[in-house]
Amino acid sequence: MSRSAVPRRSTHGRGVVFVDGVRTPFGKARPDGLYAGTRADDLAVACLREVLRRNPTLAPERVEEVAMAAATQSGDQGLVLGRSTALLAGLPVTTPGYAIDRWCAGALTAVTTTAASIAVGALDVALAGGVEHMGHHPLGQGLDPNPRFLTERIVPPDALDMGRTAEALHDRFPHLTKERADAYAVASQQKFARAVAEGRVEPDLVPVAVRDAEGAWGLATRDELARPGTTVEQIAHLRTPFRPHGRVTAGNASPLTDGATACLLTAEETAADLGLAPRMRLVSFGFAGVEPSVMGLGPVPSTEKALRTAGLGIDDIGLFELNEAFAVQVLSFLDAFGIADDDPRVNRYGGAIAIGHPLAASGVRLMIQLARQFAEHPEVRYGLTALCVGLGQGGTVVWENPHHSDYEMAVA
């Protein structure tokens, strides 16, 4: 019998459910990109408004917290994002909010932090998400790393360059070849193209009004970054920008991206009272640290921690949503748990290599995709979302499928 037969309650308190989530279409972080003329906070506001619009039985005054993440908290990504975007979205002035920074796991941390508050009874309803306008705020902009990092050898020089940490994974695990990374990346493009064609992506996108360089208005309704039709042969000889004769290229890494996400979390009993249908129940979560020079390994110990907290094993997980910062980073996770590169449980709709990775926003994007897959696969009871994080961290959340036949038993 699987250890999941009698799962441990997720938060050792009230049950917490993911009710709904949306994201903007993801755009190229370039001067001619989709959102070059759009403010970062307006992207986040569009998501918050859409979540409220889609859930009309939730009165705005019931929202008790807004947590919004950004990796670069300055300019149009500053000013206490959770509070400022709540006000801009039309929530009451009595609704508090705050900003979160855990780099790529920002939105994921916004979810776990507000979920923990719900679990202990401090809140009933929260909105959580993230935004990253990398076109306005390139990764590392304005940072001033303490010189002690290098002079005292706290971290090696390469640890502050995410691309070089991916190259370090190839060094540490020579069997994770460039050919495997390229093949994985092409599969991601193919899976995402198929998901789009089958109508599995558009329902979770919120259209965003945009303005181009000439001042003309338009509407962003589709992701801008995917490269359908990509082949291994096409990306085999791309430049390796992080190291001469390296293995990490633009073909097997996530592109620089602009975008935002937001989701609605409530206590289980609150969802029932408001007539809201949960799309997932939070089972457990975990964060862990690793050597900064191989930060891509972070999701391995964070997943072990989350599974241990839940009383589950890796074989109990029927669906995986793993952030594809770099193909080699996902491959290192799969190898650690004995999962094949082409396992159908992994990133069924494709991942960040095709969709894009707007840093702090990506965690909720993973949750949105997992929730939709849960609805399509009631035979799957548990899934997880996981990301690696700069400076050597990982974050993982384990979720339960409310469509599974044993779900009522777990929450009774």
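Residues numbered from 1 in each chain as written. Predicted model: local features only at pLDDT ≥ 70, side-chain atom pairs only at ≥ 80, totals over all residues. Heavy atoms only, no water.

(A) Quick look at the overall build of the protein chain. Secondary structure summary: the protein chain contains 13 helices and 12 strands in total. Whereas a compact globule of 412 residues would reach a radius of gyration of roughly 22 Å, the protein chain reaches 20 Å, a difference of no more than 12%. Taking all 412 residues of the protein chain together, the buried fraction comes to 58%. Here the analysis covers contacts within the protein chain between residues at least 6 apart in sequence; of these, 78% occur between residues at least 24 apart. When the accessible area of the protein chain is evaluated, it comes to approximately 16,100 Å², of which 55% is carbon and sulfur surface. (Helix = DSSP H or I, 4+ residues; strand = E, 2+ residues; numbered from the N terminus. Rg over C-alpha atoms; globule rule 2.2 N^0.38 Å. Buried < 20%, exposed > 50% of the residue type's maximum accessible area, 1.4 Å probe, protein only. Contact = heavy atoms within 4.5 Å. Areas by Shrake-Rupley, 256 points an atom, 1.4 Å probe, with all protein chains shown as cover.)

(B) Highlighting unusual backbone geometry. Even without a glycine there, the phi angle at L79 is positive, about 60°. Mapped onto the elements, L79 comes out in the loop between β3 (66-69) and α2 (81-88). Despite not being glycine, R153 has its phi angle at roughly 55°, a positive value. With relative accessibility at 76%, the residue R153 sits in the exposed group.

(C) Just the layout of surface pockets, in detail. The volume enclosed by the largest pocket comes to roughly 1,000 Å³. Together, 36 residues line the largest pocket, and M134, F242, S254, P255 and L256 are the ones closest to its centre. For the lining of the largest pocket, the residue count by class is 25 nonpolar, 5 polar and 6 charged. (1 Å grid on protein atoms, 1.4 Å probe; cavity = no way out; pocket = protein on both sides within 12 Å on 5 of 7 lines; lining within 4 Å. Points joined across faces, edges and corners; volume = space filled by probe spheres on them. Nonpolar A, V, L, I, M, F, W, Y, C, P; charged D, E, K, R; others polar.)

(D) Geometry of the side chain of R365. Its location among the elements puts R365 in helix α12 (residues 362-376). With relative accessibility at 0%, the residue R365 sits in the buried group. Not counting residues up to four positions away in its chain, the partners in contact with R365 are R23, F26, T261, E321, N323, G350, G351, A352, I355 and G356.

(E) Spatial organisation of the nonpolar core. Counting 84 residues, the largest nonpolar core has F18, F320, L322, F326, L334, M367 and W399 as its most contacted members. Residues in contact with L322, not counting those within four places in the same chain, are V330, F333, L334, V346, N347, L366, L384 and A386. C47, V51, M68 and A89 belong to the second largest nonpolar core, which has 36 residues in total. (Core = buried A, V, L, I, M, F, W, Y, C linked by side-chain atoms within 4.5 Å.)

(F) Examining the UniProt feature "domain: Thiolase N-terminal" (unreviewed entry) in the protein chain more closely. Under the UniProt annotation, "domain: Thiolase N-terminal" (unreviewed entry) lies at residues 16-269. Each end of residues 16-269 is marked by a C-alpha atom, and these two atoms are 9 Å apart; helix forms 31% of the span and strand 18%. (UniProt positions renumbered as here; feature names shortened; annotations may be inferred.)

(G) Fine view of the pairing of strand β8 (residues 257-267). Judged by how many residues are buried, β8 sits mostly within the fold: 11 of 11 residues are covered. Alternating positions in β8 separate into two faces, T257, G259, T261, C263, L265 and A267 on one and D258, A260, A262, L264 and T266 on the other, with burial throughout. Bridge count between strand β1 (residues 16-23) and β8: 7 bridges; the pairing is antiparallel. Each residue of the ladder has a partner; that of V22, found in β8, is A262. Examined bridge by bridge, strand β5 (residues 125-133) and β8 share 9 bridges and lie antiparallel to one another. Across the sheet, the residue bridging to G130 is T261, located in β8. (Pairing = 2+ DSSP bridges.)

(H) Representation of empty space enclosed by the protein. This model, assessed by the stated rule, comprises 1 cavity of 30 Å³ or more. Taken as a whole, the largest cavity holds about 60 Å³ of empty space. In terms of lining residues, the largest cavity is bounded by R23, R200, V201, D204, L205, Y349, R365, I368 and Q369. Per element, the largest residue contribution to the lining of the largest cavity is 3 residues, and it comes from α12. For the lining of the largest cavity, a count of residues per class yields 4 nonpolar, 1 polar and 4 charged.

(I) Quick peek at the pairing of β1. Of all 8 residues in β1, 8 are buried, a share of seventy percent or more. Sheet analysis places β1 next to strand β9 (residues 280-289), joined by 2 bridges and oriented antiparallel. Looking at β9, one finds that F18 is bridged to M280.

(J) Geometry of the environment of V380. Following the sequence through the fold, V380 ends up in the loop between α12 and β11 (382-389). Along the sequence, V380 and E400 sit 20 residues apart, while their C-alpha atoms lie 8.6 Å from each other. Once residues lying within four places of it in the same chain are set aside, the contact partners of V380 are G318, L319, F374, N401 and H404.

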